[in-house]
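Listed below, chain by chain, are the residues.
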Amino acid sequence: MKYFLFLDYDGTLTPIVKKPGLATLSRSRRAFLKKLRKASYIVTAIISGRMLSDLKQRVGIGGLYYVGNHGFEIEGPGIRITHPKALQAKPILREIKTKLKKSFQKIKGVIIEDKILTLSLHYRLVQAKDFRIIKRVFPGIVRPYLKTKKIRLTHGKKVFEIRPNINWNKGRAVLWFLKKLKAKKKDLPIYIGDDTTDEDAFRLLKKRGLTIRVGRAKRTCAKYYLKDVDGVYKFLKFLALEF
């Protein structure tokens, strides 16, 4: 029996921070994840809305599987794939990015994160009075693309996520991954995440695996929850027989 371990990055392996660029792994936690990688009965994948190259740089551990851009990019031992339909949507996302920058360039605290295959608009640092402007203007920018079904929009923790309108998400990426690596019925998928986009994986793994949300939520498809990032590492150490 093997554990197929899927770990979100922001809010799961690292605490939520004010700016995406500040989310870094501590030296001790990176060292632990390196040990975890060596466990023969655990297959580890880091799965994130971050761009694959950014995710790999932040984790910085070879031999792991990395799933970036909400599942549109997957890379690891023997695997390197980018969803072809996501590549086709790049011009549309560039167009939306231009409109977002023009509309919100004077609003302090707005961060528009260009991840090539997806876009994120972070507003954690935006003052309440300015967020009212975003709430008024943002729908008008994305509505034409939503009406023509060119994009999908999700709302995470102080962030709007703009993605190509493809029937693909973290959950579907996980199922693809399990099939690709020929996981057996006796193997146990474990997914740990903290945000709205992780709900897709919780939903699809509900009957097959162990689903764990970091932090309580009024509505979630996860079976269990861990209080915080410290709780995640305590669980992982238990899994790695390091308790």
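Residues numbered from 1 in each chain as written. Predicted model: local features only at pLDDT ≥ 70, side-chain atom pairs only at ≥ 80, totals over all residues. Heavy atoms only, no water.

1. Considering the packing of aromatic side chains
Centre distance and the angle of the planes are the two values used to describe a pair of aromatic rings. Selection rule: Pairing of aromatic rings covers Phe, Tyr and Trp, the last counted by its six-membered ring, and requires centre-to-centre distances within 6.5 Å; plane angles under 30 degrees mean stacked, over 60 mean edge-to-face, and any other angle means tilted. Under the scheme used here, helices are H or I runs from DSSP no shorter than 4 residues and strands are E runs no shorter than 2 residues, and both carry numbers assigned from the N terminus. When accessible area is computed with a 1.4 Å probe and restricted to protein chains, residues below 20% of their type maximum are described as buried, those above 50% as exposed, and intermediate ones as partly exposed. Throughout this description, the term charge over a ring refers to an Arg CZ or Lys NZ atom that lies within 6 Å of the ring centre and within 35 degrees of the ring normal.
Within the structure shown, the criterion is met by nine aromatic pairs. Ring plane angle 80 degrees and centroid distance 5.4 Å describe the contact between Phe6 and Phe177, whose orientation is recorded as edge-to-face. Residue Phe6 is found in strand β1 (residues 3–8), and its partner Phe177 is found in helix α6 (residues 170–180); the two are separated by 171 residues along the sequence. Both residues of the pair, Phe6 and Phe177, count as buried. Seen from their ring centres, Phe32 and Tyr233 are 6.3 Å apart, and the 65 degrees between their planes marks the pair as edge-to-face. One end of the pair, Phe32, is in helix α1 (residues 27–37); the other, Tyr233, is in helix α8 (residues 229–239), with 201 residues separating them in the sequence. The exposure class of Phe32 is buried, given its relative accessible area of 5%. An aromatic cluster of three or more residues is present, and its members are Phe6, Tyr65, Phe177, Tyr191 and Phe202. The side chain of Lys237 reaches across the aromatic face of Phe32, ending 5.9 Å from its centre.

2. Things to note about the sheet that holds strand β12 (residues 224–226)
Counted only if it meets this: The pairing criterion is simple: DSSP has to find at least two bridges between the two strands. An axis is simply a line fitted to the C-alpha atoms; with a helix, the fit covers only the stretch in contact. Between two such axes, the angle follows the N-to-C directions and lies from 0 to 180 degrees. Residues count as neighbours in contact if any of their non-hydrogen atoms are within 4.5 Å of one another.
Ordered in space as β5-β4-β3-β2-β1-β10-β11-β12, the eight strands form an open sheet in which the pairing is mixed. Pairing within the sheet leaves two strands with one partner each, and these edge strands are β5 (79–82) and β12. On average, adjacent strands in this sheet sit at an angle of 20 degrees to one another, irrespective of strand direction. Helix-sheet contacts for helix α2 (residues 52–59) involve β2 (42–47), β3 (65–68) and β4 (73–76), and the interaxial angle to β3 is about 140 degrees.

3. Let's talk about the pairing of β1
Counting buried positions along β1 yields five of six residues, so the element is predominantly enclosed. The pairing of β1 with β2 spans six bridges and is parallel. From the neighbouring strand, Phe4 faces β2, where its bridge partner is Val43.

4. Description of the sheet that holds strand β9 (residues 159–164)
Sheets are built from strands that pair by backbone hydrogen bonding, the pairs being arranged parallel or antiparallel. Judged by pairing direction, the sheet is antiparallel, and its four strands sit side by side in the order β6-β7-β9-β8 without closing on themselves. The sheet is open, and its two edges are formed by β6 (111–114) and β8 (151–156), each paired on a single side. Neighbouring strand axes in the sheet, compared pairwise and without regard to direction, differ in orientation by 15 degrees on average. With six bridges connecting them, β8 and β9 associate as antiparallel partners. Among the inter-strand pairings, Gly156 is bridged to a residue of β9, identified as Val159.

5. Topic: a positive patch on the surface
Selection rule: Candidate patch residues must exceed 30% relative accessible area and have no salt bridge, after which like charges are joined if within 9 Å and Val, Leu, Ile, Met, Phe, Trp or Tyr side chains if within 5 Å. All accessible-area figures derive from a Shrake-Rupley calculation using a 1.4 Å probe, and residue coverage is judged against the displayed protein chains alone. Each reported salt bridge corresponds to a side-chain nitrogen of Lys or Arg within 4 Å of a carboxyl oxygen of Asp or Glu. The charge count treats Lys and Arg as positive and Asp and Glu as negative. His and the chain ends do not count. To locate a charge, take atom NZ for lysine, CZ for arginine, CG for aspartate or CD for glutamate.
A cluster of basic side chains, namely Lys34, Lys35, Lys38 and Lys237, defines a positive patch on the protein surface. With respect to the secondary-structure elements, Lys237 resides in helix α8. The class of Lys237 is partly exposed, set by a relative accessible area of 36%.

6. Looking at the confidence of the model for the protein
Segments scoring low in pLDDT should not have their predicted coordinates read at a detailed level. Operational definition: On a scale of 0 to 100, pLDDT captures the predictor's confidence in every residue.
Confidence in the prediction of the protein, expressed as mean pLDDT, is 95, and 99% of residues score 70 or more. Least confident of the elements in the protein is β8, whose mean pLDDT is 93; most confident is strand β10 (residues 188–193), at 98.

7. Regarding the pairing of β6
Pairing of β6 with strand β7 (residues 119–122), which is carried by four bridges, proceeds in the antiparallel orientation. Within the sheet, the bridge partner assigned to Glu113 lies in β7 and is Ser120. Linking β6 back to β7 in an antiparallel pair, the connection comprises four residues, with Ile116 at a positive phi of about 65 degrees.

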